[in-house]
Protein chains: 4
Amino acid sequence: MSTPHPRRGNTRQRIQDVALELFSERGYEKTSLREIAEKLEVTKAALYYHFKTKEDIVISLFQDLAKPCDELIAWAEGQPRTLETKLEVIRRYHEALRSAEPLFRFMQENQAAVRDLSIGETFKARMLTLFGLLKEDDAELTDQVRCITALFSMHAGMFAMQTLEGDPEEKRRAILEVATELVTAANPPSRRRPARPDSAQTASS
Amino acid sequence: MSTPHPRRGNTRQRIQDVALELFSERGYEKTSLREIAEKLEVTKAALYYHFKTKEDIVISLFQDLAKPCDELIAWAEGQPRTLETKLEVIRRYHEALRSAEPLFRFMQENQAAVRDLSIGETFKARMLTLFGLLKEDDAELTDQVRCITALFSMHAGMFAMQTLEGDPEEKRRAILEVATELVTAANPPSRRRPARPDSAQTASS
Amino acid sequence: MSTPHPRRGNTRQRIQDVALELFSERGYEKTSLREIAEKLEVTKAALYYHFKTKEDIVISLFQDLAKPCDELIAWAEGQPRTLETKLEVIRRYHEALRSAEPLFRFMQENQAAVRDLSIGETFKARMLTLFGLLKEDDAELTDQVRCITALFSMHAGMFAMQTLEGDPEEKRRAILEVATELVTAANPPSRRRPARPDSAQTASS
Amino acid sequence: MSTPHPRRGNTRQRIQDVALELFSERGYEKTSLREIAEKLEVTKAALYYHFKTKEDIVISLFQDLAKPCDELIAWAEGQPRTLETKLEVIRRYHEALRSAEPLFRFMQENQAAVRDLSIGETFKARMLTLFGLLKEDDAELTDQVRCITALFSMHAGMFAMQTLEGDPEEKRRAILEVATELVTAANPPSRRRPARPDSAQTASS
DNA sequence: AATGAATGAGGGTTCATTCAT
DNA sequence: AATGAATGAACCCTCATTCAT
């Protein structure tokens, strides 16, 4: 009873793992269920025992990601809309990305494919909510761009991670720093300098 | 001699146009040659008269984009590596993106597909060159991230363009402003705060 | 549960049968998988469940042929290299061809197609081994040609079978007789040549 | 007037040459008109100026071969049906094959393809006529096989040529010798059988 | 919990051929 | 004498999916 069926109830999980790996590595469309099944040494039909469709696998993956995000949003909505809160949102999002990195890489690199995948909308909606949490209600265009850039810079971080040299943790810290900076710049503390990091009198205007 | 496509000589161009449109709209993998052909009211085989493979179509599209980019790189390499030059690089790149917007959206949204498309490497290499032009040789990690973010923010601008409200030209200007800011911050003018956005007096120059 | 092919488990075998029939009848290249599938009343895709490629079907066919041949070679290699052995090789090969006749006809008539079919080499190699078993190590050119002709005459027998009139079994016997004669002639025992046409004095000139 | 159009009226010939080369090298079905055209550095359409169809090219090739064959047949039919004549037929056929070697290799290796190529019948017919010239009218089965084998041994010679070591001319001579022997054996003159393997008393029965 | 066998739709690609110029 | 542009049919192959077992 050792080798024959060494994996018992964890097949569903294993499918998700392998699927995510392949999706993010080779792309959603180019990854076939056959490949997934082969890598798992099961039949394609076995996948269908656990998931109704290919899309269903993605959805299930996405739900794992969604939870931390939703919690973050829920938390933020209970907080005062201060810069402090926003920076904490960035920090937490940055942290959330860590655990969901492959999935985010997948989302990032397969936008076109994801778009008509039913979760596309959901995903975009969540990004917009997050964006709404970061920006002031009446923020100028430039500040809005700053906030979007902050979010995207963390996603795109994946590219940075591959490209830049250096210790991964340090790189992550640098990314967080830049994102923080952008959000800070987008949220001028009160009246002075509507949209510049700090930088007293001279800035934009 | 009017009705049935009077053998206009512009078919190749029309293929490129339609292909780019569909690729960027529905994704590379999900766009079939049949679709392209149907939209053009020609046969699939006609596409093969003009392009050797599906990939060849993408390559041809990419070459149109490559030229402005290469010119920009060539120009920049003949300039002194000053902040002024770098900001001009950003400006010109921003401008280049305007004319190649759909193609960039395609690149951005189909990274996974593009990756093993032979031009994937080329594209990445070009990004790295551009990145090298923007950053100082011994730049800190944070500054490097700033430069990358500047580049990506312009690409991601496509998302911003769809999301944000407002006049397209104004949005573009806002995106350029943020990118400029990031590069400026990444290139501290001399002694004061080697890599921080602020730096009051100097920045506005 | 009767009418629509009740999922008999013999589909693989049936594919091979039909494929061999069509390949040898209409040629490898001219036989499309569609035709095979249609004749079997299954879908093309069904073929791909059983064989990875079209070439794979040929390979599988060839393996059935290869076994008797390999056994023959193995047997012969364990025997003394006498004329007796060689004639027995001819006899057995002649017998082996009987069961593999359609396949040999296919090989014979589709040499060009078979050549770049991966088994091409294998096939040729086997012929060479057989040839090596029939001829003396230091045989004269003429004797070598005799041996090759003996082998080929049995293959080409397929043509003879169609052309000549008469009882199939008698025709087969005639073919065997000529092949035997050729090999005998090619192996003069030393001084007495049991089966050399005649011609002591003249032949060797 | 040198380089621009260096080849004037010889295009038709050049098509035939290249076609024969490719057909016999890669097989009829696997050789596309595109390949032929490319090798000639003309367009496919140019081929259609000179030949009505792909098959037409083969037919034209075959006609070049047919002439020597027909002449041979015509000559033979004017001769007495003696062994001497038959051996001369073999000799001349052997000679004819020399100049038509590639075409014969093509015929030999693409039988399946040639079969439904309209010339298939013609070709077979000619073989049968030749066969009829070699054998006695009331020949025994074994003798008939000898004659067929003689013919085929010369065709199959192509395989022998590649396989055997030695000087090409010597190999050719060896092939002719074996063919001659077979025909001689198949034509016992009545009482003296110059080349009958054995069997004085029995053969004449 | 999973397999074996199959399907229908569609993929990209190649072919021989046509025809106006 | 040859080209440029195109077609229609067919090709091999792969996919996501189904279903009886």
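Residues numbered from 1 in each chain as written. Chains lettered and ligands numbered in written order. Predicted model: local features only at pLDDT ≥ 70, side-chain atom pairs only at ≥ 80, totals over all residues. Heavy atoms only, no water.

**Examining the overall build of chain A**
- Summing up its helical and strand segments, chain A has 10 helices and 0 strands in all.
- Across chain A, helices and strands are ordered from the amino to the carboxyl terminus as α-α-α-α-α-α-α-α-α-α.
- Every one of the 205 residues in chain A was classed for burial, and the buried ones make up 52%.
- Of all intrachain contacts in chain A linking residues separated by at least 6 positions in sequence, the fraction that spans at least 24 positions is 65%. (Helix = DSSP H or I, 4+ residues; strand = E, 2+ residues; numbered from the N terminus. Buried < 20%, exposed > 50% of the residue type's maximum accessible area, 1.4 Å probe, protein only. Contact = heavy atoms within 4.5 Å.)

**Details of the nonpolar core**
- Of all hydrophobic cores here, the largest spans 127 residues; its most connected members are Phe23(C), Ile36(C), Tyr93(C), Phe23(D), Ile36(D) and Tyr93(D).
- When neighbours within four sequence positions are excluded, Phe23(C) is seen to be in contact with Tyr28(C), Thr31(C), Ile36(C), Lys54(C), Ile57(C), Val58(C), Leu61(C), Phe106(C) and Asn110(C).
- In this structure, Ile15(A), Met127(A), Phe152(A) and Ala150(B) belong to the second largest nonpolar core, which totals 126 residues. (Core = buried A, V, L, I, M, F, W, Y, C linked by side-chain atoms within 4.5 Å.)

**Here we look at the interface of chain D and chain C**
- Chain D puts 45 residues into the contact, and the matching count from chain C is 45 residues.
- Roughly 4000 Å² is buried in total at the junction of chain D and chain C, and carbon and sulfur atoms are behind 64% of that figure.
- For the pair chain D and chain C, the interface holds 6 salt bridges.
- Put simply, Glu181(D) and Arg146(C) hold a salt bridge, and the shortest N to O gap is 2.3 Å.
- Inspection of the chain D/chain C interface yields 10 residue pairs in polar contact (both at pLDDT 80 or more).
- Within the residue set of the side of chain D that touches chain C, elements represented by two or more residues are helix H1 (11-26), helix H6 (101-109), helix H7 (111-115), helix H8 (119-134), helix H9 (141-163) and helix H10 (168-186) of chain D.
- Ranked by residue count, the leading element in the side of chain D that touches chain C is H9(D), at 13 residues.
- Split into classes, the residues belonging to the side of chain D that touches chain C amount to 18 nonpolar, 10 polar and 17 charged. (Buried area = accessible area lost by both parts, 1.4 Å probe. Salt bridge = Lys/Arg side-chain N within 4 Å of Asp/Glu carboxyl O. Polar contact = N/O pair within 3.5 Å; in protein donor to acceptor, adjacent residues only side chain to side chain. Nonpolar A, V, L, I, M, F, W, Y, C, P; charged D, E, K, R; others polar.)

**Section: the protein's contact with DNA strand E**
- Taken together, 35 residues are adjacent to DNA strand E, and Thr43(A), Tyr48(B), Thr43(C), Tyr49(C) and His50(C) come closest.
- Of what DNA strand E places within 4 Å of the protein, 65% of the atoms are sugar or phosphate.
- One of the side-chain nitrogen or oxygen atoms of Arg34(D) is found 2.8 Å away from a phosphate oxygen of DNA strand E. (Near = heavy atom within 4 Å.)

**Considerations on the relation of the copies chain D and chain C**
- Least-squares fitting of chain D to chain C yields an RMSD of 0.1 Å, with the transformation described by 0.0 Å of translation along the axis and a rotation of 180 degrees. Between the two chains, the operation in question is that of a two-fold axis.
- Mapped onto chain C, 96% of the interface residues of chain D again fall at the interface, so both copies present the same surface. (Least-squares fit on C-alpha atoms with pLDDT ≥ 70 in both.)

**Some thoughts on the packing of aromatic side chains**
- Tallying each qualifying case throughout the model produces 24 aromatic pairs over all chains.
- Note on Tyr28(B) and Phe106(B): the rings are 6.3 Å apart at their centroids and 50 degrees apart in plane angle, and the pair reads as tilted. Here Tyr28(B) is found in the loop between helix H1 (11-26) and helix H2 (33-40), whereas its partner Phe106(B) is found in helix H6 (residues 101-109), with 78 residues between them in sequence.
- Connected via pairs of aromatic rings, a cluster forms that spans Phe62(A), Tyr93(A), Phe104(A) and Phe123(A).
- Here the basic side chain of Arg92(A) rests over the ring of Trp75(A), its NZ or CZ set 3.9 Å away from the ring centre. (Phe/Tyr/Trp six-rings, centres within 6.5 Å; stacked < 30°, edge-to-face > 60°. Lys NZ or Arg CZ within 6 Å of the ring centre and 35° of its normal.)

**Focus on the interface of chain B and chain A**
- Contacts between the two partners involve 47 residues from chain B and, on the opposite side, 47 residues from chain A.
- Between chain B and chain A the total buried area reaches about 4200 Å² when both faces are included, carbon and sulfur atoms providing 65% of it.
- One can count 6 salt bridges joining chain B with chain A.
- Between chain B and chain A we count 10 residue pairs in polar contact (both at pLDDT 80 or more) in total.
- Secondary-structure elements contributing two or more residues to the side of chain B that touches chain A are H1, H6, helix H7 (111-115), helix H8 (119-134), helix H9 (141-163), helix H10 (168-186) and helix H11 (200-203) of chain B.
- Here the side of chain B that touches chain A gets 13 residues from one element, more than from any other, and that element is H9(B).
- In terms of residue class, the side of chain B that touches chain A is made up of 19 nonpolar, 11 polar and 17 charged.

**Quick word on the UniProt feature "domain: HTH tetR-type" (unreviewed entry) in chain A**
- Mapped onto this numbering, the UniProt entry annotates "domain: HTH tetR-type" (unreviewed entry) at residues 9-69 of chain A.
- For residues 9-69 of chain A, helix accounts for 77% and strand for 0%, while the C-alpha atoms at its two ends are 28 Å apart. (UniProt positions renumbered as here; feature names shortened; annotations may be inferred.)

**Remarks on the protein's contact with DNA strand F**
- Around DNA strand F, the structure places 34 residues, and the nearest of them are Thr43(B), Tyr49(B), His50(B), Tyr48(C) and Thr43(D).
- The contact in question runs from a phosphate oxygen of DNA strand F to an N or O atom on the backbone of Lys54(C), over 2.8 Å.
- Taking His50(D), its side chain carries an N or O atom lying 2.8 Å from a phosphate oxygen of DNA strand F.
- Elements supplying a minimum of two residues to the surface near DNA strand F: helix H2 (33-40) and helix H3 (44-50) of chain A, helix H3 (44-50) of chain B, helix H2 (33-40) and helix H3 (44-50) of chain C together with helix H3 (44-50) of chain D.
- With 5 residues, H3(D) is the largest single contributor of residues to the surface near DNA strand F.
- Residues that form the surface near DNA strand F fall into these classes: 14 nonpolar, 12 polar and 8 charged.

**Some points on the state of the cysteines**
Residues and elements named next belong to chain D.
- Under the counting rule described, the total for this entry stands at 0 disulfides over all chains.
- No disulfide involves Cys69; its sulfur sits 17 Å from that of Cys147, the nearest cysteine.
- The exposure class of Cys69 is buried, given its relative accessible area of 6%. (Disulfide = S-S within 2.5 Å.)

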